[in-house]
Amino acid sequence: MIDILYSPSFIRKFNKLENGLREDALQKIPLFKDKKNHKILEVHKLNGKFKDYFGFSVNYKFRIVFRYISKNEVLFTDIGDHDIYK
């Protein structure tokens, strides 16, 4: 299982999400903790200025961005639509 830490900026953005989107994210986070679900969530390595980060889908439009702190620990750094990659 993967342990998740949350950056202050992730928490701020998460709290500003509309309720439906927040619920979608809350359903995906427990799935993310089990690496067997990473293909379903479309976990992928990012590139460019985000080359040390990964992302996965909350829904068709929204993503969560994270980075590995250790093999089984990640830090969620951002949540939002594709504009978070800019």
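Below you will find a few notes about this structure.

Conventions and cut-offs
Residues numbered from 1 in each chain as written. Predicted model: local features only at pLDDT ≥ 70, side-chain atom pairs only at ≥ 80, totals over all residues. Heavy atoms only, no water. Helix = DSSP H or I, 4+ residues; strand = E, 2+ residues; numbered from the N terminus. Expected span 1.5 Å × (residues − 1). Buried < 20%, exposed > 50% of the residue type's maximum accessible area, 1.4 Å probe, protein only. Arc of directions from axis to C-beta. Contact = heavy atoms within 4.5 Å. Pairing = 2+ DSSP bridges. Phe/Tyr/Trp six-rings, centres within 6.5 Å; stacked < 30°, edge-to-face > 60°. Lys NZ or Arg CZ within 6 Å of the ring centre and 35° of its normal.

### Some details on helix α2 (residues 19-32)
Then, number 1: For α2, spanning 14 residues, the distance from its first C-alpha to its last is 20 Å, which sits close to the expected 20 Å at 1.5 Å a residue.
Then, number 2: Here α2 has its buried residues at Leu21, Ala25, Ile29 and Phe32. Axial view of α2: buried residues confined to an arc of 80 degrees, hence all on one face. Away from the buried face of α2 by more than 90 degrees, exposed residues Asn19 and Gln27 are located.
Then, number 3: Taken together, the buried residues of α2 touch β1 (3-6), α1 (8-16), β3 (54-57), β4 (63-70) and β5 (73-80).

### Observations concerning the pairing of β3
Then, number 1: Burial along β3 is two-sided: the residues Phe54 and Phe56 and Gly55 and Ser57 are all buried.
Then, number 2: Pairing of strand β2 (residues 44-45) with β3 involves two bridges; the strand directions are antiparallel. Bridge pairing links histidine 44 to glycine 55 in β3.
Then, number 3: Across four bridges, the pairing between β3 and β4 is antiparallel. Its bridge partner being in β4, serine 57 is matched across the sheet by arginine 63.
Then, number 4: Between β3 and β4, which pair antiparallel and follow one another directly, the connecting turn spans five residues.

### Description of the packing of aromatic side chains
Then, number 1: All told, the structure shown has 14 aromatic pairs when counted by the stated rule.
Then, number 2: Here the aromatic rings of phenylalanine 56 and phenylalanine 66 are separated by 6.1 Å at their centres, their planes lie at 55 degrees, and the arrangement is tilted. With phenylalanine 56 in strand β3 and phenylalanine 66 in strand β4, this pair connects stretches of sequence that are ten residues apart.
Then, number 3: With relative accessibility at 0%, the residue phenylalanine 66 sits in the buried group.
Then, number 4: Of the aromatic side chains, those joined through ring pairs into one cluster are Tyr6, Phe10, Phe14, Phe32, Phe54, Phe56, Phe66, Tyr68 and Phe76.
Then, number 5: Here the guanidinium or amino end of lysine 45 rests over the ring plane of phenylalanine 54, the centre of that ring lying 5.1 Å away.

### Section: the environment of glycine 80
Then, number 1: With respect to the secondary-structure elements, glycine 80 resides in strand β5.
Then, number 2: Distance in space between the C-alpha atoms of glycine 80 and lysine 39 is 20 Å, their sequence separation being 41 residues.
Then, number 3: Excluding residues that lie within four positions of it along the chain, glycine 80 makes contacts with Lys61, Phe62 and Arg63.

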